[in-house]
Amino acid sequence: MALITTKGASYSSFSSSIAHQSKNFNQFDVFLSFRGEDTRSNFVSHLYHTLCDRGIHTFIDNNLERGEEISTELFKTIENSKMSIIVFSENYASSSWCLDELTKIIECRKNNRSVLPIFYKVDPSEVRKQQGKFGEALTRHEERFKDKKKVQRWRKALCEASNFSGWDYKNSHNEYDLIQEIVEEVSKSKLNRMELYVAKYPVGIQSHAEELITYLNIESNEDVYMVAICGISGVGKTTIAKATYNKILHHFKAKVFLENVRERSKTIEGIICLQKILLSKILGDRNLEVCNVSSGIAMINELLCGKRVLIILDDVDNVDQIENLLGKCDYFAPGSRIIMTTRNKRLLVTLGNGISPYRYEVKELNEYQAIELFNMHAFGCNEPNGDYLELVHKVIHYAKGLPLALVVMGADLYGRSKLEWKHSIKKYDKIPNGDIQKILKISYEGLDENEKNIFLDIACFFKGYCMNYDKVVDILENCDLEPVDGISRLIDKCLVTINYGNELLMHDLLQRMGREIVRQESPQNPGERSRLWRCEDVLNVLTENMGSNKVQSIMLYSRKPKKLHLKAQMFRKMKNLRLLTIRNVHCYGQLEYLPNGLRLLDWRKYPLPSFPSHFSPKNLVVLNMVGNQLKKTFKQVFAFKSMSYVDFSRCESIRKIPDLSMSPNIKELKLSDCRNLVEIDDSLGRLDKLEVWNLRRCDKLETLPSCLTMKSLRFFNLNFCESLKKFPNISREMKSLERLQLYGTGISELPPSFGNLTGMIQLVLGNSEVGAGHLHIPGSIYNLQRLELLSLSGDFTFLKDVELLRNSYGGFSKYAFPSLNTICFFAIPNPSEVDFILNYCCPPSLECLWIHDSKIVTFPKITGRLRSLDLLNIKLCNELGEIPSLPQSVRSAQTSKIFVQIREMIRLPPNLPPCHMLIVPHPNSSSTISPAFVPSPYYLLTEYHCVFDGYGDEIPNWFNHQSNENSMSFLIGPEFPTIALCFAIEITPTETVKARSCNFEYHVFISINGSKRQFERTYCSFERVNQLVFCCRPQSSLQTLFEGLNLGDRNLVQIFCETSHDAGKIAPVITRVGVHVECNCSPQKSQGCQIPKSIVQRNRRRPSLLHGSSFIMRKQYNTKQPTRSTFFQPLLKARKVSKKRTGPWLKPTASVRRR
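A brief structural summary. (Residues numbered from 1 in each chain as written. Predicted model: local features only at pLDDT ≥ 70, side-chain atom pairs only at ≥ 80, totals over all residues. Heavy atoms only, no water.)

**Overview of the pattern of salt bridges**
A side chain of one charge can pair with a side chain of the opposite charge when the charged atoms of the two come close.
And step 1. Taken as a whole and judged by the stated rule, the model has 43 salt bridges.
And step 2. For Lys104, the salt bridge goes to Glu79, with nearest N and O atoms at 2.6 Å. A residue pair is termed long-range when its members are at least 10 positions apart, and Lys104 in helix H4 (residues 96-109) and Glu79 in helix H3 (residues 72-79) qualify at 25 residues.
And step 3. When the shortest N-O distance is used, the salt bridge between Glu361 and Arg359 registers 3.4 Å. (Salt bridge = Lys/Arg side-chain N within 4 Å of Asp/Glu carboxyl O. Helix = DSSP H or I, 4+ residues; strand = E, 2+ residues; numbered from the N terminus.)

And the structure:
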């Protein structure tokens, strides 16, 4: 694009030229490099106009004046052009500008930019060897420029460009034909490099594409990579695939994106069409004929063999579709990349082609992304009208991060009035949006009959039921379904997941889709549907006797207590009823019939003294009758042979558990709080399938089976069985029992056979109540070599003949319990027992040590031995005088014997301003402890945390923002900072006395530019009237918390703290909040933080998710602790609040525990 040389470059003319041409385009298809005096008015002019006529965006500058140096803007134009055409003419090399362009073009070629040379009336050899006028021009440049290396770069660029494939124009060649040939080639190249349309608002897509590209390892040509993008329908798999294709297409000459493979593969014609597109795109031959599917596969195997390709197959759901389009998948050249989008996670596993596939699972959008995507579609911008914020919150909650739902509902609500929004959202709750339903239903329609029934059972019954996977499998197996295979396939197809609690889950919109399928079975008459879950529908069917044989499951659960008048024959018509749950509904009346086909009967507070006389469910698996009123013999109940899970907790009419030899399949037996239970039949001790046995707080229980021989028992709870005096004999080794709880019983001695419980992992022993007896623990306890947690309470005695122990029990070499990682002592009157256990029973790998309310005087000497100790919790040990230094491994210390700076306790970075506030021991204590206050991840959300109680609400003065309320606001810069937080909690002293202690939960929320997250959350208890809590999130943690949020130069941060009530009796109040942070507020010392009005206005219209729609910024109120509704209001004034206070004496508490 070089022009006639003139002295002095006109930068403005160049800039205006680029601005004019790039006004409508982000980049050019073609950059023309030429010598103006040779070709501008003829060849180049014709070529330029022909390219433009074909829709090829071409850069040419007709307004430039030449200077000595090429501008930065021109370099950027070359970089942003997909292709460069170099017109080598007689005087091309005489222009240093042209040669600089050429050098930049060659450099960009390394980034997969195409270069097409045209030798216009010059011989390519002259360019390559720099002969003739090219040689003369370069010689003059060498004489003219002192920078010899620059000329060498020009020479190298000329030589390299002359070897590229291009066109050699001769005088005899027809110029028109040449230009047509060039334009045809450029057009073909453009089509081959054309990017796909991704989305109108691709929120969150680019980060997925970039992450996916890292797994594709594009730079490697050593292997073939195959990736499956998995996720539920509507989560954005296709959109991510398109964005990824656009980012990597320039790395491949042979590439194709095949869309809607599943739908188009339903017919033979569709498969052949896909094969034709694949071959023509890869080979560049549009005239290929494919006769049938088999010949198409053969052609793909033959013609694509050894080619380096990029192939994306969109929406694939079975292996046949892959084989029809990729054959055996093992013939592509190394460096090939194959991407598929699918709802079937196991699709690539079934290929068996030797290629190692990678599965990339797409999750739903996070809160910030969901808000942005919905706002863009509903309002056309990310700043919605403030009047709509509460409604926006409802939509976001409904969609649960699913992009499909956010886009569809956003478009549906766009331009509508607030009243219309309300009615539409109400309608979504009852009847799912048809467009969303249609897409989600695709997955359901691909299921077989077994999978469909299981899916509907989960959607209409088991989701949210708090029932583990194994129990659901047992129920469904007795429903003549195949749940193991069926649930596995539902998981593979992204319709169902299993959480950490081993419970079945699914996305809310998938659940709505399943329930809508059932509703459509009979839209007007719920009694003709297969499954009922809406409280109103169930009550209507039962009270109006509208049931039918079609009803298979009923979930009657009311959030508010309701009444139901039972009618004798209300279930008579529902002979196929399999699943029945009734909760929080007070039933009265009479009942003469229950279906014998029931597999699950969960009826809390069953009101009748007996079951219907003819009720004999041969396939009943689960019988939950918590708090029932059954008064007749339980032989009828336990005669159900198939019954596996029984819960009769809080049933006061049970006095004896009868012979259970006729119920050999029981796996769980829960009898907690059966306050009148006295005796259990010996047969129960021989139930080989029993896994869970809970007798907690059966305080009249006197007799257990004399001997336990169960093969499967994993959990046995006898806590608070205070009348129980004897533990059963363990006649043979029981490896299965892992958790045994014997706290608060009347047992004074464990049998010698106790050591046969060799599989024990968690053991709770003792009684801390005043007047409780002494517990003798046999030496056989040392056989429990797998023990990981040991909790001991009250007065007990361990056998202490160490040499005898080493020779007789377990053969341990040094420590009695080599696997022990947690030891807890409660109300221990004899310190020597603590010393013995710590010295002889606990290995160096011990991680947690708890000592509460015990009469220890000196702290055990553990510093040099317990090298892995992570948590130390000492509380109410009033006689303890001194704590020596602890192992460096201690990361969480909760005790009343601490001397440490708060800043060190919450692990603030060392570069923060000096801490002027020193935490010193209680006046009655001279103890010290190592500064280490990082809790286990099981407790809290923040990385660093500690709690003190009993010394007022004084916040250290190095917290540079302080407020007399439970909230505050400040500004930060473009980088996420470390934020340390301190807040004071106060409770009415009289209420504390009444309750003896206060149990409550507190939450801390943080908002940055209107995007809300939970900063901290935990559960606490204390006996004093106030408490100080310190917690901190370092920069990396905060950045992870707000992943996807881009910060500007000034960003509004808001902190809000709240506490929960304890059973409605005690309401702790947060009285002060302090934050230490490197902020971006106007310097006001400690008296104020000025938030500019522009920041306020910018954030005023952003929606809140955590606490309702009106939380944007804090408004100053006179109340000490505003309510949620008052806090989440527009900010009128924000400032730092600080009072001159003296440093308090603080005492830490040990009462932070897991929620």
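Having seen the structure, we can now continue with the description.
**Let's talk about the packing of aromatic side chains**
And step 1. Counting across every chain of the model gives 34 aromatic pairs.
And step 2. With a centroid separation of 6.4 Å and 65° between ring planes, the pair formed by Phe88 and Phe134 is classed as edge-to-face. One end of the pair, Phe88, is in strand E3 (residues 83-88); the other, Phe134, is in helix H6 (residues 132-144), and 46 residues separate them in sequence.
And step 3. On the accessibility criterion, Phe134 (1% relative accessible area) is buried.
And step 4. Linked through ring pairs, Phe88, Tyr92, Phe119 and Phe134 together constitute an aromatic cluster.
And step 5. Sitting above the plane of the Phe75 ring, Lys104 keeps its charged end 5.5 Å from the centroid. (Phe/Tyr/Trp six-rings, centres within 6.5 Å; stacked < 30°, edge-to-face > 60°. Buried < 20%, exposed > 50% of the residue type's maximum accessible area, 1.4 Å probe, protein only. Lys NZ or Arg CZ within 6 Å of the ring centre and 35° of its normal.)

**Some remarks on helix H18 (residues 418-430)**
And step 1. The end-to-end C-alpha distance of H18 is 19 Å, a good match for the 18 Å that 13 residues give at a rise of 1.5 Å each.
And step 2. Residues of H18 that are buried: Trp421, Ser424, Ile425 and Tyr428. Summarising the axial view, the buried residues of H18 lie within an arc of 100°, below the 170-degree limit, and thus occupy one face. Facing away from the buried side of H18, by more than 90 degrees, are the exposed residues Leu419, His423, Lys426, Lys427 and Lys430. (Expected span 1.5 Å × (residues − 1). Arc of directions from axis to C-beta.)

**Some remarks on the sheet that holds strand E7 (residues 254-258)**
And step 1. Across the sheet, five strands lie side by side as E7-E8-E9-E6-E10; this open sheet has parallel pairing. With partners counted over all chains shown, the strands left at the sheet margins are E7 and strand E10 (357-361), one partner each. Neighbour-to-neighbour, the strand axes of this sheet turn through a mean angle of 10°, independent of strand direction.
And step 2. In terms of strand pairing, strand E6 (residues 225-230) meets strand E9 (residues 337-342) through six bridges, oriented parallel. Paired with Tyr225 across the bridge in E9 is Arg337. (Pairing = 2+ DSSP bridges. Axes fitted to C-alpha atoms, helices over the stretch in contact; angles between N-to-C directions.)

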